[in-house]
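A look at the structure
If you want the building blocks of each chain, they are given just below.
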Amino acid sequence: MKRFKQRWPIAAWLVFVGLCVFLVSRMQVGADLNAFLPGTPTPAQRLLTEQLRDGMVSRLILIGIEGGKPESLAAASKQLAQRLRREPDFLMVNNGEEGTLAKDQAFLFDNRYLLSSAVTPERFGAEGLHGALENALQLLGSPAGVMVKRVIPRDPSGELLHLLEGFAGQSSPPTQEGVWMSRDGKRALLILQTAAAGYDIDAQQRAVERVRGHFAQATGGLRGLEIRLSGPGVFSVEARDNIESVAFNFSIITAIIVSLLLLLVYRSWQVLAISLLPVISGALAGIAAVSLGYGVVFGVTLGFGITLIGEAVDYAIYFFTHLAPGRAPDKALENIWPTIRLGVLTTICGFSPMFLADFPGLAQLGLFSVVGLIVAVLVTRWVLPNLITANFAPVAPTRFAGRIIALIAQAPRLRPLVLVAVAAAVISIALHREPVWSDQLSSLFPLSVEKQQLDQSLRDDLGAPDVRYLIVVGGKDREAVLERSEAVAAQLDALAGRNILTGYDTPSRYLPSQKTQHARQTALPDETQLRANLKQALAGLPFRDDLFEPFQQDIAAARSQPLLTQARLQGTNLGLQTESLLAHYGDGWKAMLPLRGVTEAQVIRQTFDQPDGSVILLDLKQESDELYQSYVHEAVTLSAVGALSIVVLLFISLRSARRVAAVLLPLAAAVVITLAILLAGGQKLLLFHLVGLLLSVAVGSNYSLFFDRESQSQKNGAGKQDDERGLTMVSLLVANLSTTIAFGMLGFSGVPVLTAIGQTVAIGAFLSLLFSAVLMGGKVAK
């Protein structure tokens, strides 16, 4: 029976670990750009997040080729584009080559009568044609004369010119050596559209690899050239690879450092191996829980798993420190189990509010940490005692323990210095002149400043407009949205005439509704009427009668040509533009009309104020500011809930306001000074710094609770021998160092989310132990 009692925890643990390994082996690592987008967004935020997740914007790859003269850059651009156009992974490859533009111009010309908003019955009457021909005569002497002379036999009404005028407000990169080039001639530019959606990170990774592979082949004879990629898909791929690399490399480094620390203290490979079992078990359980709960594990969550090495190993340290000859292994934690249990509960209180967050990434961190810590402490309590022999005891660092007790005895002398430091920190925070909080929404995403600057630079070179105002038109189907956007366009034209805005774009410019296209076809005259109208229009004008035979043939063909559909636009820049402005989302369709040069936003808002919300004006700057403020507000709220739950838990457990105050005082001092250090270092606080401060309190409470336990033992006359008390303090120091190492390593990860949490907790946890010794160590060392 005794043997069964020893073996069943091990058997249950092995089965559990095996199940976790199975789930982890099947996990899917997700896109970190979406990790901190809200799970329940507002309508405006929904539009933004839908575009980032699976909109056309998420499928764009921006390319810059650098490191050579314009001639070599252009050659590389042409060769790369030629190779990529043969790949099915890309729906569109554009580098500004004349062949690509010629395809768009041919499409415009062949479908001009369906696309031109100027097509009316009056335009093809005798008077309308006469006026158009007179205008063409004037244009023959202008810079556009060459083009007019070429197209006038087929387009005397000027539909192509009318269409090109409609596109005039859109900027495009300059052309040099036959391809798009930055204004300084140092970067050739390309833009790609992938066939896969942005959320399909594996497909995006294949696309990126193909681009790099074809670039290497295309530039084999051109030395010194470099390719720079940007775009949501590229960011997601690089973020995932970076965080997976960080998680793997930093986990190994952290494990090595923590292992060396344990070997230095306990001088036993057996202790080291067994100490890592709670860490491994907790990490596997945490990842498995996230995979089950969310279906995808964000790379940020994997990176955050590094911290579990430092936190979960604490329990094994407590176990081995209190393991002594003559004491049964299952009794090693008996005396300190209530304190460990309370410490675990306070830590869970610190992590749990993250699980309630509306942002999947933050919620995953909370779930991972709570499950991981619970499993780690249960493995320590019920499995580890059954893995060692009854008489096993590690080498006790008694000499070091004596020195620790001596230092703790002297620590209260530093109380005035701590008080001065806290006062100085409070003054420093109060007098801090720079903004305390970062106001950049981009700070939430795992992108380095260099990547953000590259993206902005490529967008500037490509002439991407800086859009702030956007009209969103909704409807049940594509046709309803297109028809409604045409009505909105007519109102915008009137507002532009009043100088309320300078221009706009609309999907109906590239894909008119079927109703509008049919109306334009109907407006075209039949062959007999057209000949009569044209004959009258030519009176008094120096044109031959037979010059416009091609025009009459085109009109006849246009009257019966198939109407345009979105599928027919694929592979053209018009199709790319249409997809960026018109898309299906959930239960309906949306058209987006970006506005340029808005001078009176309120007038536009009042014009399109629809009770049913089918047409709304979005201020993207305002929406992004509100989105970021919602992040900060939720982080503050969750942190307050976490802190309050810790205080309530301490009151319930300790049942003494004085003891609770004594436990919280070192933590409060650590939080204040940590915050001052971060601000003094020139950092602007992210919401993850706030989360880190809360975690500092949760982790630090373990230390102050042990000091409270020791002081209560002394007070009640149940004090321990100096050696045993010293070993307890050694376990706290080793545990603190392992936690500081784990979170400190995270601070060097280079991932903004992880760096903010890592730096904050590393500083806060270290100061929590130090201040616990200074403010509570006097009674412990007696």
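Scroll up to find the structure.
First things first, this report covers the structure right here in the doc. Worth saying up front: this structure is predicted, and the values here are computed from it rather than measured. (Residues numbered from 1 in each chain as written. Predicted model: local features only at pLDDT ≥ 70, side-chain atom pairs only at ≥ 80, totals over all residues. Heavy atoms only, no water.)

**Some thoughts on the overall build of the protein**
The cut-off we apply is this: Numbering goes from the N terminus for both helices and strands, where a helix is a DSSP run of H or I of at least four residues and a strand is a run of E of at least two. A 1.4 Å probe rolled over the protein chains alone gives each residue an accessible area, and that area as a share of the maximum for its type sets the label: buried under 20%, exposed over 50%, partly exposed in between. The criterion used for residue contact is that any of the two residues' heavy atoms lie within 4.5 Å. To measure how exposed things are, a 1.4 Å probe is used in the Shrake-Rupley method; for residues, cover is taken only from the protein chains shown.
Helices and strands together make up the secondary structure of the protein, namely 29 helices and 13 strands. Taken across its 782 residues, the protein has 55% of its residues classed as buried. The long-range fraction of contacts in the protein, counting pairs at least 24 apart against all pairs at least 6 apart in sequence, stands at 82%. A total accessible area of about 34200 Å² is found for the protein, and carbon and sulfur atoms account for 58% of it.

**With respect to the pattern of salt bridges**
Definition in use: Basic side-chain nitrogens of Lys or Arg form a salt bridge, by our definition, when they fall within 4 Å of a carboxyl oxygen of Asp or Glu.
Per the counting criterion, the structure on display carries 18 salt bridges. Between Arg-85 and Glu-97 there is a salt bridge, with its nearest N and O atoms 3.3 Å apart. Highlighted residues: Arg-85 in the loop between α3 (70-84) and β3 (90-94) and Glu-97 in the loop between β3 and α4 (98-110), separated in sequence by 12 residues. According to the relative accessible area criterion, Arg-85 is partly exposed, its value standing at 37%. You can call Glu-97 buried: its relative accessible area is 17%. The network of salt bridges with shared partners includes Glu-66, Arg-187, Arg-228 and Asp-461.

**A look at the environment of Glu-334**
Within the secondary structure layout, Glu-334 lies in the loop between α13 (306-321) and α14 (337-355). Accessibility expressed as a relative area gives 45% for Glu-334, which makes it partly exposed.

**A short note on a nonpolar patch on the surface**
The condition is simple: Patch membership requires more than 30% relative accessible area and the absence of a salt bridge. Residues of like charge join within 9 Å; the nonpolar side chains Val, Leu, Ile, Met, Phe, Trp and Tyr join within 5 Å.
Taken together, the side chains of Phe-248, Ile-252, Ile-256 and Leu-260 present a nonpolar region at the surface, about 400 Å² in accessible area. Mapped onto the fold, Leu-260 is located in helix α10 (residues 232-266).

**Examining the nonpolar core**
The line we're drawing: Nonpolar core, defined: a set of buried Ala, Val, Leu, Ile, Met, Phe, Trp, Tyr and Cys residues in which side-chain atoms within 4.5 Å join the residues together.
Formed by 125 residues in total, the largest nonpolar core has its most connected members in Tyr-318, Phe-320, Ile-340 and Leu-362. It is helix α29 (residues 752-780) that contributes the most residues to this core, 13 residues altogether. Among residues more than four places away in sequence, those in contact with Tyr-318 are Leu-333, Ile-336, Ile-340, Tyr-703, Phe-706, Ser-731, Leu-732 and Ala-735. Core analysis: the next-biggest nonpolar cluster, separate from the first, contains 38 residues, Phe-167, Ile-500, Leu-511 and Leu-564 among them.

**A short note on the sheet that holds β3**
Put simply, the test is: Here, strands pair whenever DSSP counts at least two bridges between them. Inter-axis angles, ranging from 0 to 180 degrees, are taken between N-to-C directions of lines fitted to C-alpha atoms, where helices are fitted over the stretch in contact.
An order of β3-β6-β2-β7 is seen for the four strands of this open sheet, with the pairing classed as antiparallel. The open sheet has two free edges, formed respectively by β3 and β7 (226-230), since each of these has just one partner strand. When the angles between neighbouring strand axes are averaged without regard to direction, this sheet yields 20 degrees. On top of the sheet, α3 reaches β2 (60-66), β3, β6 (187-194) and β7; it is set at about 15 degrees to β6, its chief contact. Against the sheet, helix α23 (residues 573-581) touches β2, β3 and β6, its axis set at about 115 degrees to β3.

**What to know about the packing of aromatic side chains**
So the rule is basically this: Each pair of aromatic rings taken from Phe, Tyr and Trp, with Trp reduced to its six-membered ring, is defined by centres within 6.5 Å and is described as stacked if the planes are under 30 degrees apart, edge-to-face if over 60, and tilted in the remaining cases. Charge-over-ring contacts are defined here by two conditions on Lys NZ or Arg CZ: a distance within 6 Å of the ring centre and an angle within 35 degrees of the ring normal.
If you walk through the whole model with that rule in mind, you get four aromatic pairs. Residues Tyr-318 and Phe-706 carry aromatic rings whose centres are separated by 5.0 Å and whose planes lie at 45 degrees to one another, so their mutual orientation is tilted. Here the residue Tyr-318 occupies a position in helix α13, and Phe-706 occupies one in helix α27 (residues 687-715), the gap between them amounting to 388 residues. Residue Tyr-318 is classed as buried on the basis of its relative accessible area of 2%. The residue whose ring lies beneath Arg-112 is Phe-109, and the NZ or CZ to ring-centre distance is 3.9 Å. Above the ring of Trp-337, the side-chain terminus of Arg-381 is found at 5.0 Å from the ring centroid.

**Some words on the pairing of β6**
Taken across its eight residues, β6 has eight buried, putting it largely inside the fold. Neither face of β6 is left uncovered, since the one carrying Arg-187, Leu-189, Ile-191 and Gln-193 and the one carrying Ala-188, Leu-190, Leu-192 and Thr-194 both have all their residues buried. As paired strands, β3 and β6 are joined by four bridges and run antiparallel to one another. Along β6, the bridge assignment pairs Asn-94 with Ile-191.

**A word on unusual backbone geometry**
Peptide bonds are mostly trans, and most non-glycine residues show a negative phi. Despite not being glycine, Asn-499 has its phi angle at roughly 65 degrees, a positive value. Positionally, Asn-499 belongs in the loop between α19 (478-497) and β10 (503-504). Overall, Asn-499 belongs to the exposed group, its relative accessible area being 59%. One non-glycine residue, Arg-655, lies in positive phi territory at about 55 degrees. Of note, Arg-655 is situated in the loop between α25 (620-654) and α26 (657-680).

**Examining the packing of α25 against α27**
Geometry of a packed helix pair, given as the angle between the helix axes and the separation of the axes. Counted only if it meets this: Working rule for angles: under 35 degrees goes down as roughly parallel, over 145 as roughly antiparallel, 65 to 115 as roughly perpendicular, anything else as oblique. Each residue is assigned to one of three groups, with Ala, Val, Leu, Ile, Met, Phe, Trp, Tyr, Cys and Pro labelled nonpolar, Asp, Glu, Lys and Arg labelled charged, and all others, Gly among them, labelled polar.
Remark: α25 packs on α27, axes separated minimally by 8 Å, with the N-to-C direction vectors making an angle of 10 degrees. The angle between α25 and α27 falls in the class roughly parallel. Contact residues: α25 offers Tyr-631, Val-632, Ala-635, Val-636, Leu-638, Ser-639, Gly-642, Ala-643, Ile-646, Leu-650 and Leu-654, while α27 offers Leu-687, Leu-690, Leu-694, Val-697, Ala-698, Leu-705 and Asp-708. Class assignment for the residues of the contact of α25 with α27 results in 15 nonpolar, two polar and one charged.

**A few points about the side chain of Arg-381**
Among the structural elements, Arg-381 can be located in helix α15 (residues 360-382). Here Arg-381 falls in the buried class, since its relative accessible area comes to 15%. Ignoring any residue separated from it by four or fewer positions in sequence, one finds Arg-381 in contact with Asp-330, Leu-333 and Trp-337.

**Details of the packing of α26 against α27**
Worth spelling out the cut-off: Handedness of a crossing is defined here by the sense of rotation of the near helix relative to the far one, left-handed for an anticlockwise turn of less than a right angle and right-handed for a clockwise turn.
Packing of α26 against α27 brings their axes to within 8 Å, and their N-to-C directions diverge by 145 degrees. Like other packed secondary-structure pairs, α26 and α27 cross with a definite hand, here right-handed. Of the residues in α27, those touching α26 at Arg-658, Arg-659, Val-663, Leu-667, Val-671, Thr-674, Leu-675 and Leu-678 are His-689, Leu-693, Val-697, Gly-700, Ser-701, Ser-704, Leu-705, Asp-708, Gln-712 and Lys-715. Taken together, the residues of the contact of α26 with α27 sort by class into eight nonpolar, six polar and four charged.

**Quick word on helix α6 (residues 126-139)**
Condition: Multiplying one less than the number of residues by 1.5 Å gives the expected span of a helix. The reported arc concerns the directions from the helix axis to the C-beta atoms and nothing else.
The end-to-end C-alpha distance of α6, which contains 14 residues, comes to 20 Å, matching closely the 20 Å that a straight helix rising 1.5 Å per residue would cover. Here α6 has its buried residues at Ala-126, Leu-129, Ala-132, Leu-133 and Ala-136. For α6, the angular spread of buried residues about the axis comes to 130 degrees, placing them on one side. In this structure, α6 carries Glu-127 and Gln-138 as exposed residues pointing more than 90 degrees from its buried face. Close packing links the buried residues of α6 with α7 (145-151), α21 (527-537) and α22 (549-558).

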